[in-house]
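Observations on the model geometry
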Amino acid sequence: MLRVGLIGHGAIAQYVARGLSGLGATLSLIIVRPGRAVAAQAALGDVICRDSIGDDLPDIMVDCAGHAGLAQHGPAILRAGVPMITVSLGALADAALQAGLAEAARQGKTSLILSSGAIGGLDALRAARMGRLDRVTYEGRKPPQGWAGSRAEKVMDLSVPLDAAAVHFDGDARQAALLYPKNANVAAAVALAGLGFEGTQVRLIADPAAQGNTHRITAHGDFGEMRLTITGQTLPGNPRTSALAAMSVLSALADHRAAIRF
Ligand SMILES: NC(=O)C1=CN([C@@H]2O[C@H](COP(=O)(O)OP(=O)(O)OC[C@H]3O[C@@H](n4cnc5c(N)ncnc54)[C@H](OP(=O)(O)O)[C@@H]3O)[C@@H](O)[C@H]2O)C=CC1
Ligand SMILES: O=C([O-])CC(=O)C(=O)O
């Protein structure tokens, strides 16, 4: 039985926790914020809750906590030799954090596994860059409430109904990932799979007509041309987050010990 630990217990973590038994896996640990372990333990029952990795190591950890959770716990987990899946790909736009995580994984002889999250087509981009890849763009479109609490609020008033779709960010993937830690992990995934953080152009849009979170990738290169659109339904626990992001974690866990895998 695969023993899985989670960082965070929000919308993605809860979906993942519910799906573990279907994979023949079990939840052995939840890492919560410092000072919250006792309250979380009382709320979550028989799962061990701690504010650090501790000594009783799970077989694999999943970061479902966002950039701060990955930065805070990732290095120690990897140094301890525990492989870790992360959904917080945008955190890698911080070059020092990326280097620190890579060094910790080398020391622990393990890997940080990047979940595909709310997007697909990353396999095609990774293959396409083996030839000449000229241009990659990513557009993220969500209903206005999907941008609540984000940097979009500095650019527009989300409490006033919008008449039309409005672009609140136009720039490269590094800026997007750093400015929108809860909303631009897909931009980072596209960058990491394709032309890198500076080479990937990003537009983020609040759209009152949006029926879900729509992610669009376009790419051109020696391979030909790619246009990919996913309109994702959000998780009940968080209107920002696509359900596919949580499903991608379960998929990565299902593959973890598979004899035949993508
Ligand atoms: N790759 C992708 O496609 C996607 C990635 N994401 C990323 O996933 C993250 C989580 O998404 P979601 O589950 O919807 O978010 P939620 O806000 O529902 O849950 C976040 C959880 O992480 C916990 N947490 C935050 N910081 C820490 C920390 N330093 N240590 C321990 N726990 C911490 C929170 O605890 P508390 O309740 O105490 O605050 C909460 O339980 C997002 O912030 C985003 O960065 C999201 C969507 C798609
Ligand atoms: O869940 C989504 O639709 C995408 C998202 O928030 C992110 O890229 O961080």
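Rules behind the numbers
- Residues numbered from 1 in each chain as written.
- Chains lettered and ligands numbered in written order.
- Predicted model: local features only at pLDDT ≥ 70, side-chain atom pairs only at ≥ 80, totals over all residues.
- UniProt positions renumbered as here; feature names shortened; annotations may be inferred.
- Near = placed C-beta within 6 Å.
- Helix = DSSP H or I, 4+ residues; strand = E, 2+ residues; numbered from the N terminus.
- Nonpolar A, V, L, I, M, F, W, Y, C, P; charged D, E, K, R; others polar.

- The name recorded for the protein in an unreviewed UniProt entry is L-aspartate dehydrogenase, from Seohaeicola saemankumensis.
- The record held by UniProt for the protein lists under Pathway (unreviewed entry) the comment "Cofactor biosynthesis; NAD(+) biosynthesis; iminoaspartate from L-aspartate (dehydrogenase route): step 1/1."
- According to its UniProt record, the protein has this under Sequence similarities (unreviewed entry): "Belongs to the L-aspartate dehydrogenase family."

**Topic: the site of ligand 1**
- Surveying the vicinity of ligand 1 reveals 32 residues, the closest of which are Gly 8, Gly 10, Gly 66, Gly 117 and Thr 241.
- Going through the elements one at a time, α1 (11-19), α3 (67-79), α8 (185-193) and β13 (238-242) are the ones with two or more residues in the shell around ligand 1.
- Per-element tally for the shell around ligand 1: the top contributor is α3, with four residues.
- Of the residues in the shell around ligand 1, the class split is 15 nonpolar, 14 polar and three charged.

**Let's talk about the site of ligand 2**
- The local shell around ligand 2 consists of Ala 118, Asn 183, Ala 184, Asn 185, Val 186, Asn 213, Gly 232, Arg 240, Thr 241, Ser 242 and Ala 245.
- Contributing elements (two or more residues each) for the shell around ligand 2: α8 and β13.
- In terms of residue count, β13 provides more of the shell around ligand 2 than any other element does, three residues in total.
- Of the residues in the shell around ligand 2, the class split is four nonpolar, six polar and one charged.

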